[in-house]
Amino acid sequence: MDDGINCYVVPQTTGTGRNIFQGGSPLQESLPLLGVQLVLIVAVTRVLYFLLKPFKQPRVVSEIMGGIILGPSMLSRNAAFKETVFPARGDPVLHTVATFGLMYVIFLIGVRMDPMLVVRSGKKGVVIGLSGFVLPLAMTAWGFSGAAMVAETDVTRRSTVLFALSTSISVTSFAVLSPIMSELNLLNSDLGRTAMSASMTTDGIAWLIMVGYTLAEAFLVSPLTSLWAFLSVAALAAVILFAVRPVALKVIERTPPGKPVDENYVFFFLLIVLLVGFYSDIIGTNSFHGALMLGLAIPDGPPLGTALGEKIDAMVSGLILPLYYAMTGLSTDVWCLHFGRLQLIIFLGWLGKLVGVMVPSLYLEIPLRDAVSLSLFMNSKGIVEVITFNFFLTNKLIGKGTFSVLMCSSVAITAVSVPVAACLYDPARRYAVYKRRTLQHLKADADLRILACVHDQSHVPGTLSVLEASHATPQTPIGLYLLQLVEIAGRSAPVFIPHNPRRNASRIGAPGAPSSDADRIINAFFRHELRHPEGAISVHPFTTISPYASMHDEVCRLAVDKRTSLILLHYHKRHMLAGGAHAAAGLRVVNRKVLEVAPCSVAVFVDRNAGSVGLSSFIPGPMQDYSSSGSSTGSGRPTSAPQFRAAVAALFFGGGDDREAMSYAARMARHPGVTVAVVRFLPARGIKDDPGDRRVDNRAIEEMKALAARSRNMRVKEELVGDMERIVEVLRGLDKAGYDLVVVGMRHRWYPVMPANGLSDWSECPELGVIGDLLASSDFDTPYSVLIMKQQDQAGLNAAVPGAQDLWRSGSVCGPPPRTLSTSGSGHHRQ
């Protein structure tokens, strides 16, 4: 097999050649040539990714296709283009840079992997991973048996290559699947977790096969060489496990919480990657395997894993990894494709993987559509296959014809399997609850289950205030499921942590505790629980560490599992004492998606002025000690809670959301320190509405009037309005009335009166509804907090606020044009 000999003069790096004014070309030098190649490759692959993303194509497809377009299949068939942009003299530099960067990419993949995910996922991932590996391996090995591949004349060391091909076709690597699931926002889904666990299982098998292959190759030289090879691999593993990992743990221990890792430590570990790669190449295990082993020894997540990811991601993953994929495409020539037994064997591997994953999935009671989706996802190809096929080509084990067949088949399989799987799998299906989980339909003495989502300590006072206003007693208890939302950093797979309530409760008041933000947040709620009689409030804390784009899956999954009636979210803008607001775009993404697919009712809490006024002003912050509040019994629980007083207004325009808001306000009215005023807005004549809805609303209002007649804490009043101007006037009046909290529905029955005034055209957050958006706006300067409620949509048929649905799905978080509605005169604050 002779690919020919290329003769050329080794070029200078830069700065010594003739420039364009002297009649020379900078592209004759290595550095300018590399720069042009990088710019061209990145530009082509990014444009392709932009064009293919609507079709749910993963990034790896566009990057390999970009290389194919630039390579001999298309543009490089032009001799002038190839000689100018991709000449043979530039190949060594291009390959060296790409391979060097890839070693760090593999190291980062190892850092972000969590091998314990296999253990936490149980037997499901292990069984699916094993079955999805063994069956395609058996089918491809049968296809390669005998003289089946004699026609492939460019394959050398036939038995070794065919075994390696069978293995690579059968393996689904975590490094391949994780970025694909992340791009599709499926990491937090049940299918995503199962796929991650199954892929790690096959990774473990592949690593054992790699070690066995290395020892077998050494044994062919001599048995003593095989022994030395084994000792060399064992020495590498021992140094990484007993020297490098303890240093990493020590670095994490010395780094103060919330502080970045010292730059010298980061540089040290980046240098260790080079040394491990060098040693791995010496002993024949490949620098990529050594980098992966080293990465697995580094604890994932902050502070060290996050710091290493920040240093490597931007340059290496964003620039050099596309270069490696494109370099692979440059070696692929579609004009060399030939159709024979190899394509049939690749199809057998695809079919074996499909059946091998689907059968155990159905046995483990995974729904049929989800099982098919999982099987297709597990057929994805990516960086591991690219590295393997490049290794074959570089070491002359296969020729360019076979290499082109393998690469084109891999791209085709991924390009077809991933979009089909993404279309078949809808994680929101699991959240379609057919039973009513609302406050309106909750029995008076039933246990109220609330899932409260907090991001940081600033959300604690507001959550505690709503919890206190909800009036928990042993007769009407509240079960609080506290979920702290943490953006993933330094990890590839999301983490869901159920905390031990007894452990945290025992640490309250202990010397030196708590030491982290999570402990302080959780302990603030346990202190609140201890302030109430036993059995009134039960706190169950959890933490999710995941991407904002898929964090809603964790929220909705927990709501389904715990059968909650209400999900309490916080407004993504934090109103500051000095004026203005701090916006968290990631939280808005979570809020929008939870509102779309929630299996129960949802409330968005707007905490005014960072808790200095409004409802939160009656609740101490999480850092304060509650142990002195009230007199304690022998069990450590106080006999009486601190005095809590609040004035609440429930705005009722009509519709399910407003009925939900009114029901929550009625529950608050049971609290001896809470007064509630239900303000019903009656539409003027000429505003049409549905008679059936009107009857339901009238019945709900009559029930509230009956409650008000029996309670001193509740009253109902009515306001006749015909346009938005009158509505705004009434809302301004709430400020002067001294309310601490205003509760309002998200969608309203006679919504058409509101956009008729052009109000929806300048809404900042259409997902909150017209009135909710107005009250949450920083332009509507009021001292009271706001609770915006959306009632559960039966059977998952979510009806979004008109005009907001497109915004929710597009992911846009850009603000609208400045408001033009005057809200002067609404700046009154209570002294």
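This text follows the structure it describes.
No experiment lies behind these values; they were computed from the predicted model shown.

### A look at the overall build of the chain
Of regular secondary structure, the chain possesses 27 helices and 13 strands. Within the chain, the fraction of its 831 residues that count as buried is 54%. Within the structure as shown, the chain displays about 35,600 Å² of accessible surface, and the carbon and sulfur contribution to it stands at 61%.

### Examining the pattern of salt bridges
By the definition in use, this model includes 10 salt bridges. Linking glutamate 554 and arginine 557 is a salt bridge whose minimum nitrogen-to-oxygen distance equals 2.5 Å. Of this pair, glutamate 554 and arginine 557 both sit in helix α21 (residues 551-562), three residues apart, which is roughly one turn of the helix. The class of glutamate 554 is buried, set by a relative accessible area of 0%. Of the charged contacts, one joins glutamate 719 and arginine 726 as a salt bridge, the two residues approaching to 2.8 Å between their closest N and O atoms. With relative accessibility at 26%, the residue arginine 726 sits in the partly exposed group.

### Observations regarding a nonpolar patch on the surface
Among the surface-exposed residues, Phe100, Phe267, Leu271, Leu274 and Leu275 lie close enough to one another that they form a single nonpolar patch of about 480 Å² accessible area. Here the element with the most residues in the nonpolar patch is helix α11 (residues 263-283); it accounts for four residues. Among the structural elements, phenylalanine 100 can be located in helix α4 (residues 91-112). Using a relative accessible area of 43% as the deciding quantity, one classes phenylalanine 100 as partly exposed.

### Here's the deal with the sheet that holds strand β9 (residues 646-652)
One open sheet holds the 11 strands; their spatial order is β3-β4-β2-β1-β5-β8-β13-β12-β9-β10-β11, and the pairing between them is mixed. Because the sheet does not close on itself, it has two edges, and the strands there are β3 (495-498) and β11 (714-721). Averaged over all pairs of adjacent strands, the angle between strand axes in this sheet comes to 20°, irrespective of strand direction. Pairing analysis gives four bridges linking β3 to strand β4 (residues 537-546), with the strands arranged antiparallel.

### Regarding the pairing of β9
Of all seven residues that make up β9, seven are buried, and the element is covered over most of its length. Of the two faces of β9, the one lined by Ala646, Val648, Ala650 and Phe652 and the one lined by Ala647, Ala649 and Leu651 are each fully buried. Alignment of β9 against strand β10 (residues 674-683), held across seven bridges, turns out to be parallel. Bridge assignment links alanine 646 to a residue of β10, and that residue is valine 674. Crossover β9 to β10 through helix α23 (residues 656-668) is right-handed. With four bridges connecting them, β9 and strand β12 (residues 741-745) associate as parallel partners. Bridging across to β12, leucine 651 finds its partner in valine 744.

### Concerning the state of the cysteines
Here is the idea: a disulfide is a covalent bond, and it sits between the sulfur atoms of two cysteines. Applying the stated rule across the entire model yields zero disulfides. Unpaired in this structure, cysteine 600 has its nearest cysteine sulfur neighbour in cysteine 556, at a distance of 7.9 Å.

### Observations concerning the environment of glycine 204
One can find glycine 204 in helix α9 (residues 190-221). By relative accessible area, which is 32% here, glycine 204 ends up partly exposed. Separated by 31 residues in the primary sequence, glycine 204 and serine 173 place their C-alpha atoms 9.3 Å from one another.

### Points about the pairing of strand β8 (residues 601-606)
Here β8 lies mainly inside the structure; six of its six residues are buried. Sheet topology places strand β5 (residues 566-570) next to β8; five bridges connect them, and they run parallel. Residue pairing for β8: leucine 569 is matched across the bridge by valine 604. Relative to strand β13 (residues 785-790), β8 runs antiparallel, the two sharing five bridges. Each bridged residue has a counterpart across the sheet, and for valine 604 the counterpart in β13 is isoleucine 788.

### So, the side chain of lysine 381
Its location among the elements puts lysine 381 in the loop between α15 (368-377) and α16 (383-394). Glutamate 385 is the oppositely charged side chain nearest to the buried, salt-bridge-free lysine 381, at an N-O distance of 4.6 Å. A polar atom in the side chain of lysine 381 sits 2.9 Å from the backbone oxygen of isoleucine 169. Setting aside chain neighbours within four positions, we find lysine 381 in contact with Val60, Ser168, Ile169, Val176, Ser410 and Thr414.

### A look at the packing of helix α2 (residues 59-70) against helix α17 (residues 400-424)
Between two packed helices, what matters for the description is the angle formed by their axes and the separation of those axes. Running from amino to carboxyl end, α2 crosses α17 at an angle of 145°, the nearest separation of the two axes being 10 Å. As α2 runs across α17, the sense of the crossing is left-handed. For the pair α2 and α17, contact is made by Val60, Val61, Ile64 and Met65 and by Met407, Val411, Thr414 and Ala415, respectively. Looking at the contact of α2 with α17 residue by residue, the classes come out as seven nonpolar, one polar and no charged.

### Remarks on the nonpolar core
Ranked by size, the top nonpolar core spans 107 residues in total, and within it Leu102, Phe107, Met181, Ile298, Phe377 and Ile383 carry the most contacts. The element that contributes the greatest number of residues to this core is helix α13 (residues 304-330), accounting for 12 residues. Excluding residues within four positions of it along the chain, isoleucine 298 makes contact with Phe107, Val111, Val244, Arg245, Ala248, Phe269, Leu304 and Leu308. Core analysis: the second largest hydrophobic core is formed by 52 residues, Leu558, Cys600, Ala649 and Val742 among them.

### Side note on the packing of aromatic side chains
Think of a pair of aromatic rings as described by two things: how far the centres are apart, and how the planes are tilted against each other in angle. For the coordinates displayed, the defined rule picks out seven aromatic pairs. Summarising the aromatic geometry, the rings of phenylalanine 81 and phenylalanine 86 are spaced 6.2 Å apart at their centres and angled 55° between planes, so their arrangement reads as tilted. Judged by relative accessible area, which is 22%, phenylalanine 81 ranks as partly exposed. Judged by its relative accessible area of 3%, phenylalanine 86 falls in the buried class. Judged by centre distance (5.4 Å) and plane angle (70°), the ring pair of phenylalanine 100 and tyrosine 104 falls under edge-to-face. Remark: tyrosine 104 and phenylalanine 100 occur in helix α4; sequence separation between them is four residues, near one turn of the helix. With a relative accessible area of 8%, tyrosine 104 lands in the buried category. Here arginine 557 stacks its cationic end above the ring of phenylalanine 496, 4.9 Å away from the centre of that ring.

Parameters and conventions
- Per chain, the residues get numbers from 1 upward, laid out in the order the sequence is written.
- Per-residue local features of the predicted model are confined to residues with pLDDT of at least 70, and side-chain atom pairs are confined, for both listing and counting, to 80 or more; whole-chain, interface and lining totals are unaffected and use all residues.
- Hydrogen atoms and water are omitted, and side-chain values are computed over all heavy atoms in the structure.
- In DSSP terms, a helix is any run of H or I states spanning at least four residues, a strand is any run of E spanning at least two, and both are numbered starting from the N terminus.
- Think of it in three bands: with a 1.4 Å probe and only protein chains considered, a residue is buried below 20% of the maximum accessible area for its type, exposed above 50%, and partly exposed in between.
- In short, Shrake-Rupley with a 1.4 Å probe defines the accessible areas, and a residue's cover is counted only from the protein chains shown.
- By definition here, a salt bridge exists when the distance from a side-chain nitrogen of Lys or Arg to a carboxyl oxygen of Asp or Glu is within 4 Å.
- Residues form patches when they are more than 30% accessible in relative terms and have no salt bridge. Like charges link within 9 Å. Nonpolar side chains (Val, Leu, Ile, Met, Phe, Trp, Tyr) link within 5 Å.
- The criterion for strand pairing is that DSSP finds at least two bridges linking the strands in question.
- Only C-alpha atoms enter the line fits that serve as axes; for helices the fit covers just the stretch in contact. Angles between N-to-C directions range over 0 to 180 degrees.
- The path from the first strand over the helix to the second decides the hand: if it runs clockwise while the strands point away from the viewer, the crossover is right-handed.
- Two cysteine sulfur atoms make up a disulfide if the distance between them is within 2.5 Å.
- We treat Lys and Arg as the positive residues and Asp and Glu as the negative residues; His and chain ends play no part in the count.
- Polar contacts, as used here, are pairs of N or O atoms within 3.5 Å; protein pairs need one atom able to donate a hydrogen and one able to accept it. Residues neighboring in sequence count only if both atoms are side-chain atoms.
- Only heavy atoms enter the contact rule, under which two residues are in contact if any of them lie within 4.5 Å.
- By definition, any crossing whose near helix is turned counterclockwise from its far helix by less than a right angle is left-handed, and any crossing with a clockwise turn is right-handed.
- Under the scheme applied here, ten amino acids are nonpolar (Ala, Val, Leu, Ile, Met, Phe, Trp, Tyr, Cys and Pro), four are charged (Asp, Glu, Lys and Arg), and all others, including Gly, are polar.
- Remark: nonpolar core denotes a set of buried residues (Ala, Val, Leu, Ile, Met, Phe, Trp, Tyr, Cys) joined through side-chain atoms within 4.5 Å.
- Stacked, edge-to-face and tilted are the three classes for Phe, Tyr and Trp ring pairs, Trp counted by its six-membered ring, which pair at centre distances within 6.5 Å; planes under 30 degrees apart are stacked, over 60 edge-to-face, the rest tilted.
- Over a ring means this: the NZ of a Lys or the CZ of an Arg is within 6 Å of the ring centre and within 35 degrees of the ring normal.

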